[in-house]
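Coordinate inspection notes
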Amino acid sequence: MKEIVVSGIRPTGHLHLGNYFGAMRNYVRMQEEYNCYFFVADWHSLTTHPDTSELRDSVLGVLAENIAAGLDPEKVALYAQSALPEIAELYLYLNMLAYKGELEKTTTFKDKVRQNPDNVNAGLLTYPVLMAADILIHRAAYVPVGKDQEQHLEMARNFAQRFNYRYTELFPEPQAFNFGSDLVKVPSLDGTGKMSKSENQLATLYLVDSDEMIRKKVMKAKTDAGPTEPNSTMPDYIQNLFMLMELVSDRGTVEKFRNDFNGASIRYGDLKKALAEDMVRFIAPIREKAAAIYADKDYLRRVLSNGAEKAHESARKTIEETRRLVGLRYF
Ligand code: TRP
């Protein structure tokens, strides 16, 4: 039996190069070795985005991009969270085991309250409980998430433990998971930090960026006048450009520019031009694939409905067990 992996994908925003070389690569490897349930967290998005006029497009868009980036709907169950009412039922039981105090202390909750003091709803407060239900509904062993989700995962383990203690062992305690050393940090183009959705948009390359946009962003990347003597130390924003180059360019190109740098003869304009073209070559096929998938609404509907069916089977088993253990079977 393959071990079970669950992960939720937020339906807001486009995938960028950081997602691709970080999370996506993990997902794609996991789908070969684990029994994976990956879903679009549409209920979660209601906690912060009550206006749903664009929700459908975002859900289908994020799905198309994830498939284009390598998720295979034949190998993983891909579904919308809202297709599994069992999650909502489990959320209800877990809510009785979650304390108001611990929910109020959650970092993401405090951040959201600060950002949006006019919409502090109970769904926002119990976000970690819903996330625990997403995971526990399939009795997952592993959850591929980044650092920012570790606290939520710890809470999921606590809720699982409390349930097990109160009603009998049912849920494994889910652990964070990634293929460790392979996790690549993709630096942003302005020389500060990683590529991310929320920071400087011009410093992040999205998988949906047009060729012109990619070129424009790369050409704007921070450089300087270049080294004045051979074998100078490389400033970190130049190191970043080399890191990006190593992701998408062939060895020969990287070598050439490294030698130019060490020989103090490098022309950053040429480096950026080469990098821009290799980025275009890398991103364009993914972008086009995502667009084709997004345009094929019948295909996306089939993916979602097959994924829901598969996920349903697993969710139904868990919820039946849960009801039995809680003591809610009357006939
Ligand atoms: N909270 C996660 C995020 O913000 C998304 C998510 C929801 C999730 N439910 C999940 C991730 C269950 C892993 C497992 O990215």
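Our subject in this report is the structure included herewith.

Rules used throughout
Residues numbered from 1 in each chain as written. Predicted model: local features only at pLDDT ≥ 70, side-chain atom pairs only at ≥ 80, totals over all residues. Heavy atoms only, no water. Helix = DSSP H or I, 4+ residues; strand = E, 2+ residues; numbered from the N terminus. Buried < 20%, exposed > 50% of the residue type's maximum accessible area, 1.4 Å probe, protein only. Contact = heavy atoms within 4.5 Å. Expected span 1.5 Å × (residues − 1). Core = buried A, V, L, I, M, F, W, Y, C linked by side-chain atoms within 4.5 Å. Domains from an automatic or database assignment. Near = heavy atom within 4 Å. Polar contact = N/O pair within 3.5 Å; in protein donor to acceptor, adjacent residues only side chain to side chain. Nonpolar A, V, L, I, M, F, W, Y, C, P; charged D, E, K, R; others polar. Lys, Arg positive; Asp, Glu negative; His and termini not counted. Salt bridge = Lys/Arg side-chain N within 4 Å of Asp/Glu carboxyl O.

Glancing now at the overall build of the protein. A count of helices and strands for the protein gives 14 helices and 5 strands. Its C-alpha atoms give the protein principal-axis dimensions of about 80 × 45 × 40 Å. When each of the 331 residues of the protein is scored for burial, the buried share is 47%. Partitioning the intrachain contacts of the protein with sequence separation of at least 6 by distance along the chain shows that 79% fall at a separation of at least 24.

This part is about helix 9 (residues 150-167). Its 18 residues place the ends of helix 9 26 Å apart at the C-alpha level, agreeing with the 26 Å of an ideal helix rising 1.5 Å per residue. The complete set of buried residues in helix 9 reads H152, L153, M155, A156, R157, F159, A160, F163 and N164. The positive-phi residue at the C-terminal boundary of helix 9 is T168, with phi of around 105°.

In this section: the nonpolar core. Ranked by size, the top nonpolar core spans 60 residues in total, and within it L17, L205, L244 and M279 carry the most contacts. Here this core takes 10 residues from helix 13 (residues 268-295), the largest share from any one element. No fewer than three residues from each of domain 1 (4-185 + 296-326) and domain 2 (208-290) sit in this core. In contact with L17, other than residues within four places in its own chain, are V186, M195, L205, L207, L244, M279, F282 and I283. Core analysis: the next-biggest nonpolar cluster, separate from the first, contains 43 residues, F39, L130, I135 and F163 among them.

Below, the discussion takes up unusual backbone geometry. In this structure, T168 takes a positive phi of about 105° despite not being glycine. If you check the backbone angles, N231 has positive phi at about 55° while not being a glycine. Within the secondary structure layout, N231 lies in the loop between helix 10 (211-219) and helix 11 (236-248).

Attention now moves to the environment of E74. Secondary-structure assignment places E74 in the loop between helix 3 (55-68) and strand 3 (77-80). E74 gets classed as exposed once you look at its relative accessible area, which sits at 75%. Note: C-alpha distance between E74 and G307 (233 residues apart in sequence) is 9.0 Å.

This next bit is on the site of the ligand. Taken together, S7, G8, R10, F39, H44, Y127, M131, D134, I135, V143, V145 and Q149 make up the full set of residues near the ligand. At 2.7 Å, a side-chain N or O of D134 approaches a nitrogen atom of the ligand. Secondary structure elements with two or more residues in the shell around the ligand: strand 1 (4-9) and helix 8 (127-136). For the shell around the ligand, the element with the highest residue contribution is helix 8, accounting for 4 residues. Its residues assigned to classes, the shell around the ligand comprises 6 nonpolar, 4 polar and 2 charged.

Time to look at the side chain of K272. Within the secondary structure, K272 is located in helix 13. Buried charged residue K272 carries no salt bridge. Nearest counter-charge: D224, at 9.6 Å. Ignoring any residue separated from it by four or fewer positions in sequence, one finds K272 in contact with V218, M219, K220, A221, T223 and L241.

Taken by themselves, the reported measurements are silent on function.
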